[in-house]
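Summary of the model geometry
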Amino acid sequence: MYGFRSLKLSLRFVVPLVVTLGLLAFAVVPLVDKLNLHWFIRDMDIRSRLIANTLHDPLVELLQQGNKAKINSLLLRYSRDERLLALGYCSDRGELLYRTPTFPKSISCSSAADINTESSKIIQLPEGAVNLATHPVVLEGGTAGLLILVHDTSFMERRSADTRHYIILLFIVLGIVTSLVTVFVAHLSWRGWMEGVRAMLKGEGLLKPFSVQGVNSELQPLVSDLKTLMRSLDAERRLADDSSITWSPETLRKLLHKQLTGEKVIVVSNREPYIHTKKEHGEIEVHRPASGLVTAVEPVMRACSGTWIAHGSGSADRETVDANARVMVPPDKPEYNLRRIWLTKEEEDGYYYGFSNEGFWPLCHIAHVRPVFRTSDWEQYVKINQRFADAVIAEADSENPIVLVQDYHFALLPGMIRRLLPKAIIITFWHIPWPNPESFGICPWREELLKGMLGSTIIGFHTPYHCKNFLETVDRYLETRIEHESSTISRRGQLTMVENYPISIQWPPPWQGMVPPVEHTRSEIVAELGLPEGHLLGIGVDRMDYTKGILERFNAVERMLELHPELVGHFTFIQIAAPSRSALEEYQAFEARLRGLDKRINQRFSRDGVPVIILKAEHHESDQVNRYYRAAQVCMVTSLHDGMNLVAKEFVASRDDERGVLVLSQFTGAANELYEALIVNPYHVEQTAEALYHGLTMPEYEQQERMRSMRTQVRDFNVFRWAGRMLLDAARVRQREKLAARIGRES
Ligand code: F6P
């Protein structure tokens, strides 16, 4: 097996190498031929001149004596040279007076140059190519003649052919030797790798085989990544069913009972999973907010039970809770407690709108909106974090609960909880990007925020890149010890692990097997929107937020119609934009710009009442959104910067027909996982426009291949696995702490 793999590996090098050498040989041979010819002619000229000079004086003497016999014998003697074919002498009247017997008949004095000049040229005779050189001979008394030297050039042909053969042979030998060395080295490396991985699987450690080969230090980071991966895969496999590694709510429950002895789970987030609102006539309705956080965490909470603490923001929230501000949810099948925290308008303005969304949000999303930091907002932020911390303490029924802190609204919370519950497992998950240290440094309270976060047992980000930024930020602004190999930060005896846990969605999706076929839904939606039959649809689903790249998306739709006018009147883009943070000026300005752009594009490209863009700036429940996902040919996610973006994964999950194309911004965490999407830079309008066009015209077989692969990814890395991985890591940290405490007691 080694042999076969390493052979395959080496073939990847050998084939291009052989092709390159072949091409080189092909280019080099004519070049060398040309050079050879040039050198030969130069040598022959030098030689002709030498012979002519040597012959000149005796020839002049014999010519003056008129001694024909001696002249003939002189010429004959010199023409015995191997390469000199013949010699002749022309008078100044152009008569060939003397010639050796080998002198070609087809050469006459008129073929030679001017009698007074030296010349040399290659001429083609019936017998073959020869070099014809002439040299003036000056007699006393002023009369002149011309000595003609005819050189055989056939040896040049022979030499060229020999050189060609040698060069080709040289390239062949070079090719064989390089290929052998490549195959040999590849074989050795492959063996080393395989032995290393095997040793690790056997628990012997990877370093031994590598260190034997002396490449230990270069591969060290890779080795530790591999070790971590193997450890977590191993733990995950042990928890999931033996037959498969698909994570389910059941796997999560098992994990809580086995690894964490059934500790109570407390989730803390700003946004609540169920909002009760009062309608016009006083009836109360409940809805799920448009929030990636809620989409991901809610199924986890249903699996784990426990308490979810969140801001009660609905107009009927107070009416639907008990005396302790608790209500069991989901309303139709209660499984966990929702504990609501009340905020005054002033507190909400400062903590949520102000510090969180005018400060932190633009600070972490590099999307060209300046962060604003006010002391009054900061004070509210500190105060509300403390209020949530108090609620956590009140909800905890042991000294070591598992607290899942969600997002940038609660950077101080981990530290506050840790002070009162030192043994708690605090897992903080950051749902948005983490910027580089310079950008983060803008925040006047950067040290306080970082210290607060380091109260966590684990801090999770979506991508390794965000983890790296965070570690560098801590390194820049705090006194800590950072272990890069284990990705841990140690500060004042508190150890925090920083890991990437790409968030995901529930799999299988809750509606699976309960919705009509895609074709049916598509016809329904097209009819509902008053569009012609067979009309092409694009879909975008976001909160009304400047980071989502909705303006850029509309521009791309417009550009696509400019570039492909045949689609005008045959394509409509539906944009669902859930109202969000609309109390903030920046969000109001964004909405106004979006509406303006929507209007302009529609005026330009709508035909016969068929709009190009349908902007639905209102809340949609998840089943409604799902219908649009299923009806559309293309889904566009063009965020300018996004932690993960679960719309991308929801679209993929919705397409059980294995059709539909995802156009996905390279600036989303999802782009690290969904490689088969059409990945775009949303700032590049033509690229995004062409991706949209490509999506609308993509052959079905290609759609299927791409979609199938993305569905496998979302299925295998679902949200239960996301939560499970964090809980497993937390269990490991707790284990380590227990061990350390025992060792401390015994020593
Ligand atoms: O994606 C970041 C995030 O804050 C999520 O945590 C949340 O789901 C979403 O934005 C919605 O924001 P908000 O809760 O402010 O409406």
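Everything numeric in this text was worked out from a predicted model, so none of it was measured.

Another aspect to go through is the domain arrangement of the protein chain. Bring the parts together and some accessible area is lost; that lost area is often taken as the interface size. Assigned domains of the protein chain: these are domain 1 (2–160), domain 2 (249–342 + 381–500) and domain 3 (518–717). Using only C-alpha atoms to locate each centre, domain 1 and domain 2 end up separated by 92 Å.

Right, let's talk about the site of the ligand for a bit. Near the ligand you find Arg271, Ser291, Gly292, Leu293, Tyr352, Trp361, Asp407, Tyr408, Ile432, Arg543 and Arg581, and these make up its full shell. The side chain of Asp407 places a nitrogen or oxygen atom 2.3 Å from an oxygen atom of the ligand. Arg581 has a polar side-chain atom sitting 2.8 Å from an oxygen atom of the ligand. Relative to its unbound accessible surface of 380 Å², the ligand loses 92% to contact with the protein. When contributions to the shell around the ligand are tallied by element, the ones reaching two or more residues are α7 (292–304) and α8 (345–364). By residue class, the composition of the shell around the ligand is five nonpolar, two polar and four charged.

On to the confidence of the model for the protein chain. Summing up the model confidence of the protein chain, the mean pLDDT is 89 and the portion of residues at 70 or higher is 90%. Counted against residues more than four places away or in other chains, residues 202–215, with its pLDDT under 50, gives 24 contacts.

Okay, the packing of aromatic side chains next. In the structure shown here, the tally under the stated rule is 27 aromatic pairs. Note on Phe355 and Phe360: the rings are 5.7 Å apart at their centroids and 80° apart in plane angle, and the pair reads as edge-to-face. Of the two residues examined, Phe355 and Phe360, each falls in the buried class. Judged by centre distance (5.9 Å) and plane angle (70°), the rings of Phe667 and Tyr683 are edge-to-face. With Phe667 in the loop between β22 (661–665) and β23 (678–680) and Tyr683 in the loop between β23 and α19 (685–697), this pair connects stretches of sequence that are 16 residues apart. Residue class for Tyr683 comes out partly exposed when judged on its relative accessible area of 40%. The ring of Trp361 has Arg581 lying over it, and the distance from NZ or CZ to the ring centre is 4.1 Å. Here the guanidinium or amino end of Arg721 rests over the ring plane of Phe717, the centre of that ring lying 4.2 Å away.

Moving on, we get to the nonpolar core. Core analysis: the biggest nonpolar cluster contains 93 residues, and Phe360, Trp430, Leu449 and Phe470 have the highest contact counts within it. Considering each element in turn, this core owes the most residues, eight residues, to α8. For Trp430, the contacting residues outside a window of four places in its chain are Phe360, Cys364, Asp407, Tyr408, Ala411, Met453, Gly460, Phe461 and His462. Judged by nonpolar contacts, the second largest core, of 76 residues, contains Ala296, Ala310, Tyr336 and Ile574.

Okay, the sheet that holds strand β9 (residues 307–311) next. The sheet built from 10 strands is open, its strands ordered β10-β11-β9-β6-β12-β13-β14-β17-β16-β15 with mixed pairing. The open sheet is flanked by β10 (326–329) and β15 (481–483), the only strands paired with a single partner. The average undirected angle you get between the axes of adjacent strands in this sheet is 20°. Summarising the sheet, strand β13 (residues 425–429) and strand β14 (residues 458–461) pair through three bridges and their orientation is parallel. What sits directly across from Phe429, in β14, is Gly460. Of the strands in this sheet, β14, β15, β16 (488–491) and β17 (494–500) touch helix α13 (residues 464–477), which is tilted by about 150° from β17.

With that settled, the discussion passes to the pairing of strand β7 (residues 275–278). Side chains on a regular strand alternate between the two faces of the sheet. Of the strand pairs in this sheet, β7 and strand β8 (residues 284–287) are connected by four bridges, and their pairing is antiparallel. Paired with Lys278 across the two strands is Ile284, which belongs to β8. Connecting β7 to the next strand, β8, in antiparallel fashion are five residues, including Gly282 with a positive phi near 90°.

Here we take up helix α15 (residues 550–563). Over its 14 residues, α15 extends 20 Å from the first C-alpha to the last, a length consistent with the 20 Å expected when each residue adds 1.5 Å. Those residues of α15 that fall on the buried side of the exposure criterion are Ile550, Leu551, Arg553, Phe554, Ala556, Val557, Glu558, Met560 and Leu561. Elements that come into contact with the buried residues of α15 comprise β18 (536–543), β19 (571–578), α16 (585–605), β20 (613–616), β21 (634–637) and α19.

This brings us to the packing of α15 against α16. The N-to-C vectors of α15 and α16 enclose an angle of 10°; their axes lie 10 Å apart at closest approach. Comparing the axis directions of α15 and α16 gives the class roughly parallel. Side by side, α15 and α16 meet where Ile550, Leu551, Phe554, Asn555, Glu558, Leu561 and Glu562 of the first sit next to Phe590, Arg593, Leu594, Leu597, Asp598, Arg600, Ile601, Arg604 and Phe605 of the second. The residue makeup of the contact of α15 with α16, split by class, is nine nonpolar, one polar and six charged.

This part takes up the sheet that holds strand β2 (residues 96–99). Strand pairing in a sheet is mediated by backbone hydrogen bonds. Such pairs are either parallel or antiparallel. Read across the open sheet, the five strands follow the order β2-β1-β5-β4-β3; overall the sheet is antiparallel. Looking at which strands have only one partner, the edges of the open sheet turn out to be β2 and β3 (119–125). Each strand axis lies, on average, 25° off the axis of its neighbour in the sheet, ignoring direction. Note that β3 and strand β4 (residues 128–138) share seven bridges and pair antiparallel. Counted as the bridge partner of Ser120 is Ala133 from β4. Each of β1 (84–90), β2 and β5 (144–152) touches helix α2 (residues 68–78); the most contacted strand, β2, lies at about 55° to it.

Calculation criteria
Residues numbered from 1 in each chain as written. Predicted model: local features only at pLDDT ≥ 70, side-chain atom pairs only at ≥ 80, totals over all residues. Heavy atoms only, no water. Domains from an automatic or database assignment. Near = heavy atom within 4 Å. Polar contact = N/O pair within 3.5 Å; in protein donor to acceptor, adjacent residues only side chain to side chain. Areas by Shrake-Rupley, 256 points an atom, 1.4 Å probe, with all protein chains shown as cover. Helix = DSSP H or I, 4+ residues; strand = E, 2+ residues; numbered from the N terminus. Nonpolar A, V, L, I, M, F, W, Y, C, P; charged D, E, K, R; others polar. pLDDT = per-residue confidence, 0-100. Contact = heavy atoms within 4.5 Å. Phe/Tyr/Trp six-rings, centres within 6.5 Å; stacked < 30°, edge-to-face > 60°. Buried < 20%, exposed > 50% of the residue type's maximum accessible area, 1.4 Å probe, protein only. Lys NZ or Arg CZ within 6 Å of the ring centre and 35° of its normal. Core = buried A, V, L, I, M, F, W, Y, C linked by side-chain atoms within 4.5 Å. Pairing = 2+ DSSP bridges. Axes fitted to C-alpha atoms, helices over the stretch in contact; angles between N-to-C directions. Expected span 1.5 Å × (residues − 1). Parallel < 35°, antiparallel > 145°, perpendicular 65-115°, else oblique.

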